[in-house]
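# Commentary on secondary and tertiary structure
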Amino acid sequence: MKKVLRPLMILLAAATLARADTMMIQDFKKPDAKASVWIVGVPNENASVAVADNALKLKYHFTGANQYLGVPVPVDVKAPIYAVKFRLFGDESGAGYNLYLTDAGGETHKFVTHQKIDWKGWKEIDIRVDGSHEIWGGDKNHKIDYPLKDIVFEIGTPGKDTNSEIMFTDIRVESSASEAEMRGGTITVASPAYCADINGDTKVDFNALGFKTITVTAFNAASGKGVKETIAKNVPVDDKGNGSFNFPASRFPKGPLTLTLSGARTLNGKEEKDNCYLQVYNKGGKTGFTGAPKTPPPAAKGMKLAFADDFDSPKLSIGKGPDFKYYDHKPPDGSQDFSDWGTGRNPPFPFTSFDKPNNPFAQMDTFLRIRGQQSAKSTGILSSLQGDGSGFKATAPCYFECRFIAPNAPGSWPAFWLLTDNTGHPSGCDELDIIEAYGGEGPGNPNSFDKYMICPHAWDQGEAGKKLEQDAYKQMPNPHEMIKAGVSSAWYESFHTYGCLITETDTVYYCDDIEVGRHKTFPISKERPHYFLVNLAVGGISGWKVDLDRYNGVIDMYVDYIRVYQGEKNK
């Protein structure tokens with residue numbers, strides 16, 4: 001660990017004290033406040049946290065020397081601070097306490113207090129964070145890069161067997177910057193609710209603290225070939241961050257829409273941008289812009305239609321067994337379900353079944369809606385193959401396509417993909433990810449914008465399979481940028497059709513009938529039938545954080561149609 005000296009000039013100190021803004025970070029009044037703990041030197045079960053009575057309660061059991069634990073509190077502080085304050089309910093244990101800050105570069109900054117918890121009851125704690133301190137990890141640039149990501153409270157053993165409980169609450173930071181500078185930079189919508197139904201002219205109320213104005217855009221498929229329209233430009237934001245605009249929904253297609261609220265500001269000499277993606281369902285818009293075309297796609301020329309679902313049936317057929325059109329887990333039995341709400345569970349949360357109370361599937365007019373809902377821990381997947389091997393499959397040469405719109409939020413993970421039949425086969429499987437999209441922008445996110453991934457895999461096929469996969473991946477334009485490829489908009493702005501043609505020689509990927517990648521067809525893909533899967537997952541396994549707080553924990557994916565065409569093998 002190295003020490004960094006950050007001297008504070010007397011004049012600057014005087015100015016700081018004259019103009020000190022205090023911002024509440026966490027008072028634990030919300031029941032969904034996040035709480036976790038890590039521990040060093042003793043088993044993990046020797047510490048636990050819980051949020052209750054507007055405080056975070058920490059139970060711990062130290063058994064001797066060289067033991068300590070950490071309680072991280074996620075934050076998003078965008079301007080420099082000079083102090084962290086909080087209330088601590090002491091237990092007279094004599095345990096020491098220190099403070100860590102985790103910055104935007106992943107670097108940890110440790111501030112040592114040299115103090116002991118030698119009191120009983122509540123006490124106000126004030127820790128300065130503008131002096132010399134220890135650093136480690138991250139980008140190692142020896143400075144605090146904003147925004148801050150975590151405040152961590154470290155509790156160290158008093159050197160004796162101690163089994164006790166303490167509490168934290170009212171965590172605040174102090175800065176010479178304003179609260180708008182510290183907290184601002186994130187745009188949220190107050191009404192309508194995220195993923196709500198709208199009809200006709202709709203007033204949208206938002207908060208954009210720290211911005212002077214915002215601009216609103218939406219893609220209008222009802223306008224010629226479709227165009228991104230500016231709905232409102234330079235919408236003023238008041239001193240509390242509030243503003244509003246009118247959305248003329250009747251001019252847009254009926255069905256799911258995404259409005260993009262964008263803002264920019266300069267903070268600490270750098271331009272900072274933010275986008276908020278408001279998903280709504282337009283009940284009264286224009287019709288005739290969705291549904292499967294009557295003609296086959298160009299890539300399926302000479303093939304016969306083998307499967308089609310326009311999702312216009314009044315009843316969805318989802319469940320386990322040959323009587324259902326779709327299975328709601330990954331075959332063969334759901335044990336490889338991969339959606340994860342960021343809890344670190346292994347295995348993660350399974351996809352949610354259609355027959356459960358937190359069912360994520362719904363029929364909306366002529367669309368299939370798959371909803372991700374944080375409070376219900378629900379996400380959804382559809383497979384055309386059942387675990388017993390029944391269901392729909394197609395053999396090369398064949399063409400698969402799906403048209404959908406999906407959510408762009410930190411941790412959202414929509415996809416349309418293929419697997420070779422893995423039921424009744426002891427090993428070896430090909431996976432063709434036609435689109436794997438990762439939501440979220442900014443530090444700690446994949447910066448999706450209009451990008452998505454095309455990922456071929458040759459699973460469990462030894463070194464030969466690894467080489468096949470590597471060679472194929474190198475030929476993919478990853479991450480695929482839709483606008484550069486000539487596609488009209490991003491995957492979350494409007495509906496697009498994603499396709500895959502598998503022949504005995506080549507596997508070709510399409511977006512809106514534009515070829516976007518190809519590779520030689522894998523051996524198993526030449527012989528074994530493929531089935532399709534479409535899902536809205538969330539991201540622990542993908543490696544990206546899951547944070548739907550801005551969107552009140554609700555995101556929607558809408559599927560317009562799925563079609564599969566079957567060709568004849570060359571004799």
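Criteria and thresholds
- Residues numbered from 1 in each chain as written.
- Predicted model: local features only at pLDDT ≥ 70, side-chain atom pairs only at ≥ 80, totals over all residues.
- Heavy atoms only, no water.
- Helix = DSSP H or I, 4+ residues; strand = E, 2+ residues; numbered from the N terminus.
- Rg over C-alpha atoms; globule rule 2.2 N^0.38 Å.
- Buried < 20%, exposed > 50% of the residue type's maximum accessible area, 1.4 Å probe, protein only.
- Contact = heavy atoms within 4.5 Å.
- Areas by Shrake-Rupley, 256 points an atom, 1.4 Å probe, with all protein chains shown as cover.
- Lys, Arg positive; Asp, Glu negative; His and termini not counted.
- Charge placed at Lys NZ, Arg CZ, Asp CG, Glu CD.
- Salt bridge = Lys/Arg side-chain N within 4 Å of Asp/Glu carboxyl O.
- Phe/Tyr/Trp six-rings, centres within 6.5 Å; stacked < 30°, edge-to-face > 60°.
- Lys NZ or Arg CZ within 6 Å of the ring centre and 35° of its normal.
- Pairing = 2+ DSSP bridges.
- Axes fitted to C-alpha atoms, helices over the stretch in contact; angles between N-to-C directions.
- pLDDT = per-residue confidence, 0-100.
- Core = buried A, V, L, I, M, F, W, Y, C linked by side-chain atoms within 4.5 Å.
- Patch = residues over 30% accessible without salt bridge, like charges linked within 9 Å, V, L, I, M, F, W, Y side chains within 5 Å.
- Expected span 1.5 Å × (residues − 1).
- Arc of directions from axis to C-beta.

Here we take up the overall build of the protein chain. Helix and strand counts for the protein chain stand at four helices and 35 strands. A globule of 571 residues ought to have a C-alpha radius of gyration of about 25 Å, and the protein chain, at 27 Å, matches this closely. Referenced to the eigenvectors of the C-alpha coordinate spread, the extents of the protein chain come out at roughly 85 × 55 × 45 Å. Relative to its 571 residues, the protein chain shows a buried fraction of 55%. Taking contacts inside the protein chain between residues at least 6 apart in sequence as the whole, the part at least 24 apart equals 73%. For the protein chain, the accessible surface area stands at approximately 25100 Å², while carbon and sulfur atoms represent 50% of it. Side-chain charges of the protein chain comprise 64 positive and 70 negative groups, with the mean position of each set lying 2 Å from the other.

Further remarks concern the pattern of salt bridges. With the rule as written, the count across this model stands at 27 salt bridges. Asp421 serves as the salt-bridge partner of Lys393, at 3.2 Å between the closest nitrogen and oxygen. Pair noted here: Lys393 is in the loop between strand S25 (380-383) and strand S26 (398-405) and Asp421 is in the loop between strand S27 (412-420) and strand S28 (429-436), with a separation of 28 residues, a long-range link. Here Lys393 falls in the partly exposed class, since its relative accessible area comes to 29%.

Within this structure, the stated rule accounts for 33 aromatic pairs. One Lys or Arg, Arg87, reaches over the ring of Trp122 and ends 4.5 Å from the middle of that ring. Between Lys123 and the ring centre of Trp119, over which it is positioned, the NZ or CZ distance is 4.4 Å.

Strands sit in the order S15-S21-S20-S17-S18 across an open sheet of five strands; the sheet is mixed. Because the sheet does not close on itself, it has two edges, and the strands there are strand S15 (196-198) and strand S18 (227-236). Geometrically, the sheet is characterised by an average inter-axis angle of 35° between neighbouring strands, direction not taken into account. Direction of pairing for strand S20 (residues 255-267) relative to strand S21 (residues 270-282): antiparallel, over a ladder of 13 bridges. Residue pairing across strands places Ser262 opposite Asn275, the latter belonging to S21.

Across the protein chain, pLDDT averages 91, with 94% of residues at or above 70. Below a pLDDT of 50 lies the segment residues 1-19, which in the model reaches 30 contacts outside its immediate sequence neighbourhood of four places, other chains included.

Below, the discussion takes up the nonpolar core. Of all hydrophobic cores here, the largest spans 78 residues; its most connected members are Phe245, Phe247, Leu261, Phe416, Tyr452, Tyr498 and Phe532. A total of five residues in this core trace back to one element, the largest contributor, which is strand S35 (residues 554-566). Sequence-distant contacts of Phe247, that is, excluding residues within four places in its chain, are made with Ile198, Gly200, Asp201, Thr202, Val204, Ala218, Ile231, Phe252, Leu257 and Leu259. One finds Leu56, Ile81, Ile127 and Ile151 within the second-largest nonpolar core, a separate group that totals 42 residues.

Before going further, it helps to examine unusual backbone geometry. Residue Tyr146 is joined to Pro147 through a cis peptide bond whose omega torsion reads 10°. Looking at where Pro147 falls in the secondary structure, it is placed in the loop between strand S11 (133-136) and strand S12 (148-156). Along the chain, Pro331 connects to Pro332 via a cis peptide bond; the corresponding omega equals 10°. Along the polypeptide, Pro332 turns up in the loop between strand S22 (304-309) and strand S23 (361-364).

One can find Glu272 in strand S21. Looking at Glu272, the relative accessible area reads 18%, which means it is buried.

With that settled, the discussion passes to the sheet that holds strand S34 (residues 530-538). Within a sheet, neighbouring strands are paired by backbone hydrogen bonds and run either parallel or antiparallel to one another. Strand order in the open sheet formed by six strands is S25-S34-S27-S28-S29-S30, with antiparallel pairing between adjacent strands. Only two strands of the sheet have a single partner each, and these edge strands are S25 and strand S30 (480-481). Alignment of S27 against S28, held across five bridges, turns out to be antiparallel. Across the sheet, the residue bridging to Phe416 is Ile435, located in S28.

Its location among the elements puts Ser353 in the loop between S22 and S23. The residues contacting Ser353, other than those within four sequence positions of it, are Asp328, His329, Asn359 and Pro360.

Below, the discussion takes up the pairing of S28. Burial of S28 is extensive: eight of the eight residues sit out of reach of the surface. Note that S28 and strand S29 (residues 451-459) share six bridges and pair antiparallel. When the bridges of S29 are listed, Glu431 appears paired with His457.

We now examine the environment of Val554. Structurally, the position occupied by Val554 is in strand S35. Overall, the relative accessible area of 14% leaves Val554 in the buried class. Considering only alpha carbons, one finds Val554 and Asn234, 320 residues apart in sequence, at a separation of 28 Å. If we skip the residues at most four places from it in the chain, Val554 touches Cys195, Arg371, Gly372 and Gln373.

Side chains of Trp38, Val40 and Tyr68 sit close together on the surface and give an oily, nonpolar patch of about 230 Å² of accessible area. We classify Tyr68 as partly exposed; its relative accessible area is 31%.

Another point: the environment of Gly131. Relative to the elements of secondary structure, Gly131 occurs in the loop between strand S10 (120-128) and S11. Given the relative accessible area of 24%, Gly131 is considered partly exposed. Sequence separation between Gly131 and Phe111 is 20 residues, and the spatial gap between their C-alpha atoms is 8.5 Å.

Turning our attention to the environment of Val40. Secondary-structure assignment places Val40 in strand S3 (residues 38-40). For Val40, a relative accessible area of 32% gives the class partly exposed. Taking the C-alpha atoms as reference points, Val40 and Trp341, separated by 301 residues in sequence, lie 25 Å from one another. If we ignore the near neighbours within four places in the chain, the residues touching Val40 are Asn66, Gln67 and Tyr68.

Right, let's get into helix H3 (residues 462-474). Taking 1.5 Å of rise per residue, 13 residues should cover 18 Å, and H3 covers 19 Å from first to last C-alpha, within 8% of that figure. All of the buried residues along H3 are Gly465, Glu469 and Ala472. The buried residues of H3 all sit within an arc of 70° when viewed along its axis, so they share a single face. Facing away from the buried surface of H3 by more than 90 degrees, the exposed residues are Glu463, Ala464, Lys467 and Lys474. Buried residues belonging to H3 abut S29 and strand S33 (514-520).

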